[in-house]
Amino acid sequence: MTPIRARIGVLGLALVAGLAAPASATAAPVTAATATAPAPTVEERRLDGDAPREILRRSGFASAAPAFARGLGRADSYREARRLVAREGSALWRRAVDRVQGRGPARGDLSRDDDRPLYWARLGMTRELRTWEPGFGLSERQRAGLLDELERTSRGQRDIRLPQHRTGSGGGGKGVKRVLLTGFDPFTLDRDIRISNPSGAVALALDGTVIDTPDGPARVETAVFPVRWQDFAEGTVERALRPYLPKVDLFTTVSQGRVGKFDVERTNGAWRGGFPDNDNVSRTETVPVADPASQPQWTTTTLPYEAIAAADTGRFPVLDNTAVTEIPAGGTEPVVRPDGPTPGSTAREGGGGNYLSNEIAYRATLLRDRLGLHGTLPGGHVHTPVLQFGPDNADPATGAVTDPEFVRNRLDIVAQTRAILAVAVSASGRDRS
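Rules used in this analysis
- Residues numbered from 1 in each chain as written.
- Predicted model: local features only at pLDDT ≥ 70, side-chain atom pairs only at ≥ 80, totals over all residues.
- Heavy atoms only, no water.
- 1 Å grid on protein atoms, 1.4 Å probe; cavity = no way out; pocket = protein on both sides within 12 Å on 5 of 7 lines; lining within 4 Å.
- Points joined across faces, edges and corners; volume = space filled by probe spheres on them.
- Helix = DSSP H or I, 4+ residues; strand = E, 2+ residues; numbered from the N terminus.
- Nonpolar A, V, L, I, M, F, W, Y, C, P; charged D, E, K, R; others polar.
- Buried < 20%, exposed > 50% of the residue type's maximum accessible area, 1.4 Å probe, protein only.
- Arc of directions from axis to C-beta.
- Contact = heavy atoms within 4.5 Å.
- Pairing = 2+ DSSP bridges.

Enquirer: What should I look at first to understand the layout of surface pockets in this one?
Expert: Space left empty within the atom packing is revealed by a probe, the size of a water molecule, rolled over the atoms. Taken as a whole, the largest pocket holds about 560 Å³ of empty space. The wall of the largest pocket is formed by 26 residues, among which Glu-151, Arg-228, Gln-230, Asp-231 and Glu-234 lie closest to the centre. Those elements giving two or more residues to the lining of the largest pocket turn out to be α3 (42–45), α7 (116–130), α8 (140–154), α10 (229–233) and α11 (236–241). Considering each element in turn, the lining of the largest pocket owes the most residues, five residues, to α8. Tallied by class, residues from the lining of the largest pocket come to six nonpolar, six polar and 14 charged.

Laid out in structure tokens, this is it:
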């Protein structure tokens, strides 16, 4: 998720209207049932494209939504439906993690490192749940609760299992560090519906894994988030992270950024720039948070950015990104500041822009600060390079859903993010045993 001003040209993003179905010349008569039946979202309607269907078929995930629908059909109460949703959402997350990490059969010829089967299978399940009309009746509030449970469980947000710190023989060893990492769904799907998000692939590849560092082993737990403004306004980030930030040794939010570069974002801004989300909704406003009276315009990383940028972690350069866009105190027009914000200024772009990647970084670091952890908890945001298809497969209208260079690029980004985490843990050099 990239800065709107600086990176749209690089990515060539095209804004496309919502995927509304064309009107039929012989529309069916409207009945009481059809007038009130819930409709799929813009995001869910993309499931009917050829590429999503191929991705699901070639990964073995095409059966997830139909099986879920059959389970819903057998549920005879809200309580039973709630249990089913929690169980199947968690199972989808674990199935995606296991596939990426090489456990069990691949069930298809799509590369195992692919994050897209989880995304499209989840949408298939949310569409089934959103349009489900059980015989026992379902209120809007109950349906919203079921959808929320499915989102949280299938994104790994209820699967975070932090280990107990351990010590070496004689009690003198270093403890197992606890690292929390977040990724995102694919986005800009109206530009290219084949898109994968390397941050989501990183989350699946690293969930539950242990990284050896010079400062001792580090256990990584992960979750992924939607690319939707409304979910963030409703506090999905804070609700997911609040129980764990006081217990971890380091956290980083991760998203896709610029072509050919990693960025460690020094500063995050309290501004939404309006770029459409996965439901083709725009928001241009101050980032809405609890207690807005105490809300700062800027938050800062506490990751060891100098050490990360200086380390040899992989084939992509890693930059300490200090630039922001602000309205200076007393001013009216935005100004680019290469070295960070000036006192009293109003945010218009953080280092990571003014889309949801900047917002998750802002919310996570603001939560860190409001929990009183600014001076003790390393945390911030890392932008990965854009995940690109091979040059002969770049046209979304005619291209294949995958190719060897696409897979190599994703694997390299995942491996380098893992190496960046190892540097960050080691450079932070603290043991909260």
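Enquirer: How should helix α9 (residues 198–206) be read in this particular structure?
Expert: An α-helical turn contains 3.6 residues, so a residue and the one three or four places further along point in the same direction. Of all nine residues that make up α9, nine are buried, and the element is covered over most of its length. If you check which residues of α9 are buried, you get Pro-198, Ser-199, Gly-200, Ala-201, Val-202, Ala-203, Leu-204, Ala-205 and Leu-206. One or two steps after α9, the chain reaches Gly-208, where phi turns positive at roughly 75°.

Enquirer: Can you walk me through helix α5 (residues 64–74) in this structure?
Expert: Among the residues making up α5, those that are buried are Ala-64, Ala-65, Phe-68, Gly-71 and Leu-72. Along the long axis of α5, the arc covered by the buried residues comes to 120°, so they all point the same way. Residues of α5 that are exposed and point more than 90 degrees away from the buried face comprise Arg-70, Gly-73 and Arg-74. Residues of α5 that are buried in the fold lie against α6 (78–100), α7 and α8.

Enquirer: Just to check I follow, could you spell out the pairing of strand β4 (residues 250–256) for this structure?
Expert: Consecutive side chains along a regular strand alternate between the two faces of the sheet. Burial runs high along β4: seven of the seven residues are buried. Here β4 shows two buried faces, one formed by Leu-250, Thr-252, Val-254 and Gln-256 and the other by Phe-251, Thr-253 and Ser-255. Of the strand pairs in this sheet, strand β1 (residues 177–184) and β4 are connected by four bridges, and their pairing is parallel. Counterpart to Leu-181 in the pairing with β4 is Thr-252.

Enquirer: Would you explain the side chain of Thr-417 in this entry?
Expert: One can find Thr-417 in helix α14 (residues 404–428). Since its relative accessible area comes to 3%, Thr-417 is described here as buried. Not counting residues within four places of it along the chain, the set of residues in contact with Thr-417 comprises Leu-181, Val-202, Phe-262 and Thr-384.

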